[in-house]
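# Breakdown of the fold
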Amino acid sequence: MAPAPTRTRFAPSPTGSLHVGSVRTALYCLLAAHRTGGHFLLRIEDTDRARSTEESAQGILADLRWLGLEWDEGPGIEAETGPFFQSERLELYQAHVQQLLDRGLAYRAWETPEELAQMRRESERSKQSFRYRRRDYAPEELARFEAEGRVPTIRFRSPGHDVTIADRVQGEVSQSADELEDFVIVKGDGWPTYQLAVVIDDHHMGVDLVLRGVEHLQNTHKHLQLYEAFGWDPPEHGHLPLIFNPNGSKMSKRDKGKAAREAVRQVAREEGHAAGEHGWLAERTGLAVAVLDSFMAKQSDAVSVSEQIAEALGVELPMIDVLDFREAGYLPEALINYMALLGWNPGDEREILSLDELIEAFSLDRVNKTPARFNADKLAWVNSQYMQALPIEVLMVRLGQWLEVASSPMSGLRPADQQALIEMYRPRAKTFRDIDQLGAFFFEAPTGWAPKQVKKHLDKGGGWDRLEQTRAALGDVGRWEAPSLHKAFDALCEATGVGLGKYAQPVRIAVTGTGVSPEIFQTLAFLGRDETFARIDRCLAARISEPPA
Ligand code: GLU
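Small disclaimer: the values here were computed from a predicted structure and weren't measured.

Between Gly 82 and the following residue, Pro 83, the backbone shows a cis peptide bond with an omega angle of -5°. With phi around 55°, Lys 127 is a residue other than glycine that occupies positive phi space. One can find Lys 127 in the loop between α4 (113-125) and α5 (139-147). For Lys 298, which is not glycine, the phi dihedral falls at a positive 60°.

Written as C-alpha cells, this is what we have:
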C-alpha cells in the first residue's frame, strides 16, 4: 500500500541569509513530502521582532526559488492553511494562550530579565542548571510589580513527567521530569515565542513530519508537552545532524567573522600594527574604529563588517550562505544534488541525481545520525558534472541568474556570445566564475606573450613565418565562423604539408598570450575578424621591435 501523503514544512526565521545547511533541511522536507505525493510547506517564523527583517525574508524566498525548492503551500500561494508569516497569525496564538491560561496550564511570570539573570547565576554558583519553576506571588508583590509597570511573560506549566521523542533520525531521546522547566510561551512584548507558535502552526497546518536541525532537539521536548496540553497528536520528528567544516569545526555563520578576524591579525602582524589598535583598518575599510573594536572583540558579528574587511584586505571569506555559492557561479542543481548526499545516500552507487530522482530514492531510514563534513572539492566536481550535462538552454537561464548577483565581463555580451563561451568552456569550467578566468583573454587582449611558449612555438622551427602565413590565409576567409576558419586552416596545411598544430599554436599564442585556449577555430570565431588580426599584428610587431636574443 502506498504511504499516506506526508505534509512537511520548512520554517526559517528571517534573521539573516539562508545558510547552506538549511538547504539540506528544506530539501529533505521537500523530498519526504513529494516522495509520498504530499505537500511541502514554507512558513516564515518572524516572531523575533528585534531580529526579523523583511529583507531577510525576501532573500530566503529568492534563494529557495533559485534552488528550485518550490513550496506547495506558503508565501505567495493562497491556501486555507495560511497566512504563512507568523506575524500575521497572532490572533490564533492568543486564543490558544488564553485557553491554556483558563485551564491553569499557563501562568504569568513577573521576573525581570535582571532577576532571571541573577537566579541563573545563583544556580551556577551552586553548580545546578537553572530550571524555572512556578512561584507564587503574594498579593502585595503583584501590586508592586504592576505599580512598577512590569510586563509579565506567560509561561507554560510543565506536566511533571518524563518526555520522550521517538526521533526518526536520532532514535529515542528522553528528558526526565526534573530537567523540564516552565518555559516562556509569550514574551514581555506580547509576542509568542518560537516554542508556542511552532506547535500551533504545525498542528493547524496539518504537518505530520517535522524535519529540522539537531540543534532543535531540546526544543522538541517542550513542543511535545504543548501537544499533550492541547490534546493534539504530535507530528513525527527527525533531527538532522550538524554539518562540519573539513577541519572538524561546526560549519557556522560565524565562520565569516572568524576568517575576517584572522586576516586582520595576520595583516597587523605583517605590517607591525599594535594589537587592538584599529586605526589603520578603519582607514582602509572606511568603518568606524568603534565598529571594528567591537567586531574584533567578538561583541558583534555583522557579515557586512566581515565582507568589508575581506575586500579591503583582499582575502576570501568562507562560503556559507546560499548566496555565496550563487555568487561564486555554482548551479542550483549541483548544490541540491551535493546537499542531498551530505548525510544521506540513495542506497546505490549513484552520485549524480536530479531532483526527481532524489524524490524517487529518498527515504528517512538512510539519513545518517552522525555529522557530515562539507567537502568543497566534491561540490565543485558535482557542479562540473552539471556544467557538462545540462541542456544549454538551462545553462543560459542559470547564467542569467548568476549575472543578477555577480559582476562578470560576460554580462556585457550578446546572448549568442554568452552561449558560445559556455559551449567552449563547459567541458573544463567547474563554475561560471571559472569561465571568466579561463576565458579572460577574450575580454582583454594580451599585453605580453608567455616567453616559454614563444620560444618553443614561434622562435623555433619557423613559427613566426607560419604565423605570417596564417594571417595571410585568414585574410581570404569569407564568413568569419568556425567551419570556414577550419577550412582555411585545412587548406593551408594541405598546401604546405605541415600539420595543423604547427599553425594553430603560433596563432593561439598571439591571440591569447598563453598556450591555452579552446579549439582554435572557435576561439578565433569568437574573437572576431578584426580583433584576431589586431592581436596577430601586435604579436608580430612585438617580435620585430624585440628580436629574440
Ligand atoms: N524558525 C526555526 C529556525 O529557523 C525553525 C525550526 C523548526 O523547523 O522548527 O531555526
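Structure's up, so let's keep going.
With that settled, the discussion passes to the environment of Trp 464. Relative to the assigned elements, Trp 464 resides in helix α21 (residues 463-474). Residue Trp 464 is classed as buried on the basis of its relative accessible area of 8%. Residues Trp 464 and Gly 149, 315 residues apart in the sequence, show an inter-C-alpha distance of 90 Å.

Around the ligand, the neighbouring residues are Arg 9, Ala 11, Pro 12, Ser 13, Glu 45, Tyr 194, Val 198, Arg 212 and His 216. Between the ligand and Arg 9 there is a distance of 2.8 Å, counted from an oxygen atom to a side-chain nitrogen or oxygen. For the ligand, whose unbound accessible area comes to 300 Å², protein coverage reaches 80%. When each cavity is represented as a set of grid points, the ligand is found to reside in the largest pocket. Across the shell around the ligand, the residue classes break down as 4 nonpolar, 2 polar and 3 charged.

Turning next to the environment of Leu 61. By the element assignment, Leu 61 lies in helix α2 (residues 54-67). Classification of Leu 61 as buried rests on a relative accessible area of 4%. Sequence-wise, Leu 61 and Trp 71 are 10 residues apart; in three dimensions their C-alpha atoms are separated by 9.9 Å.

Our focus in this paragraph is the packing of helix α20 (residues 451-459) against helix α23 (residues 500-512). Put simply, α20 and α23 touch, their axes get as near as 9 Å, and they point 145° apart. Between α20 and α23 lies a crossing of left-handed hand. Residues Gln 453, Val 454, His 457 and Leu 458 of α20 lie in contact with α23, whose contacting residues are Gln 505, Pro 506 and Ile 509. Of the residues contributing to the contact of α20 with α23, the split by class is 4 nonpolar, 3 polar and no charged.

The geometry of helix α22 (residues 482-496) relative to α23 is characterised by a closest axis approach of 9 Å and an angle of 130° between their N-to-C directions. Judged by the angle between their axes, α22 and α23 are oblique. α23 is crossed by α22, and the crossing has right-handed handedness. Across the interface between the two elements, Phe 489, Leu 492, Cys 493 and Thr 496 from α22 touch Leu 500, Tyr 503, Ala 504 and Val 507 from α23.

Below, the discussion takes up the side chain of Arg 466. Topologically, Arg 466 is positioned in helix α21. Asp 465 provides the closest opposite charge to the buried, unpaired Arg 466, separated from it by 7.5 Å. Those residues within four positions of Arg 466 in sequence are excluded, and the remaining contacts are His 457, Gly 461, Val 498, Lys 502 and Tyr 503.

Our next topic: the sheet that holds strand β3 (residues 106-109). Pairing in this open sheet of 3 strands is antiparallel, and the strands run β3-β4-β7 from one edge to the other. At either end of the open sheet lies a strand with only one pairing partner, and these are β3 and β7 (184-186). Sheet twist, expressed as the mean angle between neighbouring strand axes with direction ignored, is 45°. When β3 meets strand β4 (residues 153-156), the two strands line up antiparallel, connected through 4 bridges. Directly across from Tyr 107, in β4, lies its bridge partner Arg 155. Contacts from helix α3 (residues 90-102) reach β3, β4 and β7, with the element oriented near 95° to β3.

Each regular strand shows side chains that alternate between the opposite faces of the sheet. Direction of pairing for strand β5 (residues 163-167) relative to strand β6 (residues 171-175): antiparallel, over a ladder of 5 bridges. In the strand pairing of β6, Val 163 is matched with Gln 175. Hairpin remark: β5 followed by β6, antiparallel, with 3 residues in the connecting loop.

Glancing now at the pattern of salt bridges. Under the defined criterion, the tally for this structure stands at 32 salt bridges. Close ionic contact of Arg 43 with Glu 45 constitutes a salt bridge, the shortest N to O distance being 2.9 Å. With a relative accessible area of 0%, Arg 43 lands in the buried category. It is possible to trace a salt-bridge network through shared partners that takes in Arg 9, Arg 43, Glu 45, Arg 89, Asp 201 and Asp 202.

Rules used in this analysis
- Per-chain numbering applies: the sequence of each chain, read as written, is numbered from 1 onward.
- For this predicted model, a pLDDT threshold of at least 70 governs which residues receive local features, and a threshold of 80 or more governs which side-chain atom pairs are given and counted, while totals over whole chains, interfaces and linings are taken from all residues.
- Side-chain calculation: all heavy atoms of the structure are included, whereas hydrogens and water are not.
- To qualify as a helix, a DSSP run of H or I must reach at least 4 residues; to qualify as a strand, a run of E must reach at least 2; elements of each kind are numbered from the N terminus.
- Accessible area is worked out with a 1.4 Å probe on protein chains only. A residue is then buried under 20% of its type maximum, exposed over 50%, and partly exposed in between.
- It suffices for a single heavy atom of a residue to lie within 4 Å of a molecule or strand for the residue to be listed as near it.
- Polar contacts here mean pairs of N or O atoms no more than 3.5 Å apart (in protein, one a potential hydrogen donor and the other a potential acceptor; neighbouring residues in sequence count only if both atoms are side-chain atoms).
- Note on areas: Shrake-Rupley with a 1.4 Å probe; residue coverage comes only from the protein chains shown.
- Only protein atoms enter the 1 Å grid, on which a cavity is a set of points fitting a 1.4 Å probe that cannot get out and a pocket is an open set with protein on both sides within 12 Å along at least 5 of 7 lines, lining residues being those with an atom within 4 Å of a point.
- Molecule-in-pocket calls rest on the fraction of atoms, with more than half required to lie within 2 Å of the cavity or pocket grid points.
- Under the grouping applied here, Gly and all other residues not named as nonpolar or charged are polar, the nonpolar ones being Ala, Val, Leu, Ile, Met, Phe, Trp, Tyr, Cys and Pro and the charged ones Asp, Glu, Lys and Arg.
- Helix axes use the C-alpha atoms of the stretch in contact, all axes being lines fitted to C-alpha atoms, and the angles between their N-to-C directions lie in the range 0 to 180 degrees.
- Handedness of a crossing follows from how the near helix is turned relative to the far one, being left-handed for an anticlockwise turn of less than a right angle and right-handed for a clockwise one.
- The contact criterion used throughout is that any non-hydrogen atoms of two residues lie within 4.5 Å.
- An angle below 35 degrees is treated as roughly parallel, one above 145 as roughly antiparallel, one from 65 to 115 as roughly perpendicular, and anything else as oblique.
- Only four residue types enter the charge count: Lys and Arg as positive, Asp and Glu as negative, with His and the chain ends excluded.
- Definition used for salt bridges: Asp or Glu carboxyl oxygen within 4 Å of a side-chain nitrogen of Lys or Arg.
- Two strands qualify as a pair provided DSSP detects at least 2 bridges between them.

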